[in-house]
Amino acid sequence: TIPSLSETFYDYFPIGAAIEPHQISNETSELLIKHVNMLVAENVMKPDAIQPTEGNFNWEPTDRIIEFAKEHNMEVRFHTLVWHSQVGDWFFKDEDGYPMIDEENAEKREQNKQLLLERLKTHVTTIVERYKDDISSWDVVNEVVEPQDEDGMRASEWYQITGTEYIETAFYAAREAGGPDIKLYLNDYGTDHPKKRNIIYDLVSELLEKGVPIDGIGHQTHIDIHGPTIASIMESINKFNELGLDNIITELDMSIYAWDDHQDFGNEIPLEILNKQAERYEALFHEFVENQDKISEVVFWGMADDHTWLHSFPVERTNAPLLFDFNHQPKPAFWSVVNIV
Ligand code: XIL
């Protein structure tokens, strides 16, 4: 018999999966009900989906996820209040429809900045007020750091127009709308990378000193079968833990290819690759379990290999990054993970 993932790890941390609402009503729902006790939306909570045009909120898809979760005793996390991607253009245009980043007049630039921060505040406040009792953890900002950009901050429209003020505004607004008990996170990928880790560390330390309400770091953890090392992932978790922050694993998956690998196994993944993946998943979960006091949620970016963003990112190729295969059967990685505890 196949054990339940969430029951297996019940004493350690909740196990989650990212889903599209339609997966609630297809075969994936059986896997979800059996194996996870936390859900997050793969897309429908993102800014462009939840507020596609100013003042028009599309609640229905998120409501459906929350309703399904309640029916099945699952928690729900929110991804994401702020992002540079999947965000409506309208945020960054002035009242005349002119792109804010192109504005040259200093006075008008300042007005635009205030307008953008107002819009951001409304976005965050409206969403948090509606869902504050339903959400276990909030990704307040996503991917705000980019080591290759100036200052190490991602040169998004948010940053070009407001500097780091948008980050502070988002956290303050979320705390104000949700109260002291909601959990607020800064989420990013590649947090194991020493340079990026340090930039995030310095940014968050500075924000905390100012009193900005940040509870923890969300580590996306999109890794592959070659890297990064598990030691480097744990080094980041330890470093943020020492700063007094919580850590959550928010988007775990493990590509069977290297980033720039041009091969494509199709649906016939060599057993050797699946075994390598199993070994690495095992080592990773071993560390998660050992460090359970520093990690409060572990969420996969999908449930089974038939549905994963990695079939088309960074290139088109059949990928197999999760614990269940194309036919929803447990993979070697599933068995290696449940056998740890
Ligand atoms: C991805 C989704 O999985 C895709 O369906 C969508 O087309 C693009 O976004 N980091 C994130 C997630 O924070 O929001 C991304 O999700 C994957 C990378």
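Everything discussed here concerns the structure shown above.
Given the structure is predicted, the values throughout are model-derived calculations rather than measurements.

What to know about the packing of helix α5 (residues 106-131) against helix α7 (residues 165-178)
Alright, step 1. Close contact between α5 and α7 brings their axes to 8 Å; oriented N to C, the two are set at 30 degrees. With respect to their mutual orientation, α5 and α7 come out roughly parallel. Seen from above, α5 lies across α7 with right-handed handedness. Contacts between α5 and α7 involve Leu117, Leu120, Lys121, Val124, Thr125, Val128 and Glu129 from the former and Glu165, Tyr166, Thr169, Ala170, Ala173, Ala174, Ala177 and Gly178 from the latter.
Alright, step 2. Residue composition of the contact of α5 with α7, grouped by class: 9 nonpolar, 3 polar and 3 charged.

Focus: the pairing of strand β5 (residues 184-188)
Looking down a regular strand, the side chains alternate between one sheet face and the other.
Alright, step 1. With respect to burial, β5 is a largely interior element, 5 of its 5 residues being buried.
Alright, step 2. Taking every second residue as pointing to the same face, both faces of β5 are buried, with Leu184, Leu186 and Asp188 on one and Tyr185 and Asn187 on the other.
Alright, step 3. The sheet contact formed by strand β4 (residues 135-142) and β5 spans 4 bridges and is parallel. Counted as the bridge partner of asparagine 142 is asparagine 187 from β5.

Structural notes on the site of the ligand
Alright, step 1. The immediate surroundings of the ligand are formed by Glu42, Asn43, Asn142, Tyr189, Gln220, Glu251 and Trp309.
Alright, step 2. Grouping the amino acids of the shell around the ligand by side-chain chemistry returns 2 nonpolar, 3 polar and 2 charged.

Reading the values: rules and limits
Residues numbered from 1 in each chain as written. Predicted model: local features only at pLDDT ≥ 70, side-chain atom pairs only at ≥ 80, totals over all residues. Axes fitted to C-alpha atoms, helices over the stretch in contact; angles between N-to-C directions. Helix = DSSP H or I, 4+ residues; strand = E, 2+ residues; numbered from the N terminus. Parallel < 35°, antiparallel > 145°, perpendicular 65-115°, else oblique. Left-handed = near helix turned anticlockwise from the far one by under 90°. Contact = placed C-beta atoms within 7 Å. Nonpolar A, V, L, I, M, F, W, Y, C, P; charged D, E, K, R; others polar. Buried ≥ 20, exposed ≤ 12 C-beta atoms within 10 Å, placed from the backbone. Pairing = 2+ DSSP bridges. Near = placed C-beta within 6 Å.

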